[in-house]
Amino acid sequence: MSAQTFFITTAIDYTNAPPHIGHAYEKVLADVIARWHRERGRSVFFLTGVDQHGQKVQQSAEKAGVAPAEFARDITAKFKALWQKLGIAYDGWAETTDPRHIAAVQDVLQQLHDQGDLYKARHSGHYSVRQEQFLTDKDRNAQGEFGPEWGEVVFIEEENWYFRLSKYRPWLAEHIAAHPDFVFPSFRGNELANAVAKEAGDLCISRPKSRLGWGIELPFDRDFVTYVWFDALMNYATFAGYRATNGGQLPDFQQLWPCDAHVIGKDILIPAHGIYWPIMLKAAGVEVMPRLLVHGWWNLGGAKVSKSAGNVVDPDALADRYGADGLRYYLMRDIATGQDADFNEERLKARYNADLANDLGNLVNRTVSMARRYREGTLAGAPSDQSEDAIALQALAADAAVRFDAAMQNYQVHTALDAVWELIAAANGFVESSAPWKLAKDPALSGRLDEVLVVLVEAARLAAALVHPVMPRAADELLGQLGFAGNLANSWGAVAAGHCVGEAKPVFPRLETDVAA
RNA sequence: GGGCCCGUAGCUCAGCGGUUAGAGCAGGGGACUCAUAAUCCCUUGGUCGUGUGUUCGAAUCACACCGGGCCUACCA
């Protein structure tokens, strides 16, 4: 019994630093999946946003000499601007400082408190300011010290509130075992099952206000704010209308839940999204669990991207250089969903030129150009008795469309794109074998030329429509030039007699292969 | 320490027990001219990380080792 709406979310990003390529990849992936569902006629709700609370935000703000709220607002604006630039078409936007979110989180916390799932306890120990966590002896290095990766380490003793995670652990283990599709890809599900079997203890969910003022106040103990988990994870439900009191504004939770895909990185599956989140839902009384789509990372030269290593790639600059859609295409085409990949700008450029400029862009360009040159842009209808090669191309196109959707259904965007490129290659081959420029010289072959042009426009239109979720703006432009603006049908047969194509203009201008020094 | 993944043409990868190991890109040759010096055809190129083993037969299975990466622990 799944809701009618396809509900997809991304992790919400921490507003302590501007977005990098990993943030962009995750949002593009979710956007592509959301767009594909929409274009196949399904109702979709795509939720993304930012996590504005927490110690790191507070510290970054202090360092910058501004209030946490102001700092978070400025970084939030950068994320929003990037999503705008990259064409991320989200339906809901989550900000953890939103009063509606705060009210719902407090409502859940109060309930858990009332039903005895929260308790207060005193804890003392070494605390990493950078990682925002207490350290144990296992965090010490070989020399028995806390290494530099923990940043400043201080000894503190304080009371805090704890959530009875351990109480629900057996339930979670059963849920994972009974639902093989809980986590995609499956090998991540195995990792999670192993982790759940080992994970013990409860979860600290608060910080005293004396130490962290920037957060959601515990309704039953005003001296504390809730720390990260309930604040950040609950967003997937609260911004979908969970426990909403205002009626309007937020969506109807019953319509959206369960979430069909929480798109997250492999680093936050365990323990946050794979353990804490489902247990929080269960404890709060939500019975139907969401599903997790865990993606891999873009590495750089085999190494992990990190600010400290100084190898951060700026997606904003890449979008300027290759276009938002050029970047989107590369991010979807050169990685297998769930796996890691290596980010390489030379490869991005090579793919742009080979796949986008030469194959797809040029196919549309030459097609429209010939239609205009030989038929003043107006096509005859498809002939009643088609030629063999036309029938063959149509069959290949239909097969490509089927394989495209099958791959998308399993989140295999790169495989889906492969299918489209087979169609594009076949269409370019059809141009060569049918040689319209020869047909145009012989009036006796006029009917055949009509057929060839129709077939080419059909093939090009279908390719552009299929590719639309990945490259929405470029595909719109291609479709417009073909005279099919807005026609995203994933099947053959759009051309009617008298169809007019538009102007031919390169949508993916070829890039110079040399890099300017 | 335990567990997992990866190592196949210059590059990115597919193949995962059975004909002479494949694709795309890059390189070489040719054709064509509608097109973004694009396209199409042909082609060069590999001891399938190393070794041993199982098998009629291994890139494909097993064991060990080398190399790269990840997760997770100081319990034998």
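For the structure itself, consult the block above.
Quantities reported herein were computed from a predicted structural model and do not represent experimental measurements.

Conventions we followed
- Residues numbered from 1 in each chain as written.
- Chains lettered and ligands numbered in written order.
- Predicted model: local features only at pLDDT ≥ 70, side-chain atom pairs only at ≥ 80, totals over all residues.
- Heavy atoms only, no water.
- Near = heavy atom within 4 Å.
- Polar contact = N/O pair within 3.5 Å; in protein donor to acceptor, adjacent residues only side chain to side chain.
- Helix = DSSP H or I, 4+ residues; strand = E, 2+ residues; numbered from the N terminus.
- Nonpolar A, V, L, I, M, F, W, Y, C, P; charged D, E, K, R; others polar.
- Axes fitted to C-alpha atoms, helices over the stretch in contact; angles between N-to-C directions.
- Parallel < 35°, antiparallel > 145°, perpendicular 65-115°, else oblique.
- Left-handed = near helix turned anticlockwise from the far one by under 90°.
- Contact = heavy atoms within 4.5 Å.
- Buried < 20%, exposed > 50% of the residue type's maximum accessible area, 1.4 Å probe, protein only.
- Pairing = 2+ DSSP bridges.
- Core = buried A, V, L, I, M, F, W, Y, C linked by side-chain atoms within 4.5 Å.
- Salt bridge = Lys/Arg side-chain N within 4 Å of Asp/Glu carboxyl O.

Participant: Can you lay out the protein's contact with RNA strand B for me, pointing to particular residues and giving the numbers?
Facilitator: Every one of the 25 residues lining RNA strand B counts as a neighbour, but Gly 361, Asn 362, Asn 365, Arg 366 and Glu 432 are closest to it. Near-protein atoms of RNA strand B (within 4 Å) split between backbone and bases, with sugar and phosphate holding 73%. Here a base oxygen of RNA strand B and a backbone polar atom of Gly 361 are 3.3 Å apart. Only helix H12 (345-375) and helix H14 (413-434) provide two or more residues apiece to the surface near RNA strand B. Examining the composition of the surface near RNA strand B, we find that twelve residues originate from one element, H12, more than from any other. Here the surface near RNA strand B is composed, by residue class, of ten nonpolar, seven polar and eight charged.

Participant: Now, about the packing of helix H1 (residues 21-39) against helix H3 (residues 68-86): what can you tell me, with residues and values included?
Facilitator: As a packed pair, H1 and H3 sit with axes 11 Å apart at the nearest point and diverge in direction by 50°. With respect to H3, the element H1 is oriented oblique. Of the two elements, H1 crosses H3, and the hand of that crossing is right-handed. Contacts between H1 and H3 involve His 23, Ala 24, Lys 27 and Val 28 from the former and Phe 79, Trp 83 and Leu 86 from the latter. For the contact of H1 with H3, the residue count by class is five nonpolar, one polar and one charged.

Participant: So what's going on with the pairing of strand E13 (residues 261-265)? Residues and values would help.
Facilitator: The element E13 is largely enclosed, with a buried count of five among its five residues. Burial of the side chains of E13 extends over both faces: Ala 261, Val 263 and Gly 265 are buried on one face and His 262 and Ile 264 on the other. Pairing of strand E1 (residues 6-10) with E13 involves three bridges; the strand directions are parallel. Across the sheet, Ile 8 pairs through a bridge with Ala 261, a residue of E13.

Participant: Let's hear about the nonpolar core: which residues, and what values?
Facilitator: Of all hydrophobic cores here, the largest spans 107 residues; its most connected members are Leu 86, Met 332, Leu 360, Trp 421, Met 471 and Phe 508. By residue number, the principal contributor to this core is helix H16 (residues 446-466), which donates 13 residues. If near-sequence neighbours (up to four positions away) are discounted, Trp 421 is found in contact with Tyr 329, Asp 355, Leu 356, Asp 359, Leu 360, Val 467 and Met 471. With 57 residues, the next largest nonpolar core counts Ala 11, Phe 220, Ala 240 and Ala 283 among its residues.

Participant: Account for the pattern of salt bridges, with residues named and values stated.
Facilitator: A side chain with one charge can pair with a side chain of the opposite charge if their charged atoms come near. Within the structure shown, the criterion is met by 33 salt bridges. Arg 328 serves as the salt-bridge partner of Asp 31, at 2.7 Å between the closest nitrogen and oxygen. Taken together, the residues span a long stretch of sequence, with Asp 31 in helix H1 and Arg 328 in helix H11 (residues 315-333) at a distance of 297 residues. For Asp 31, a relative accessible area of 0% translates into the label buried. A salt bridge links Asp 399 to Arg 403, with the nearest nitrogen and oxygen atoms 3.0 Å apart. With a gap of four residues between them, Asp 399 and Arg 403 both fall in helix H13 (residues 388-409), about one helical turn apart. Beyond isolated ion pairs, a larger network of salt bridges with shared partners links Asp 31, Arg 35, Asp 325 and Arg 328.

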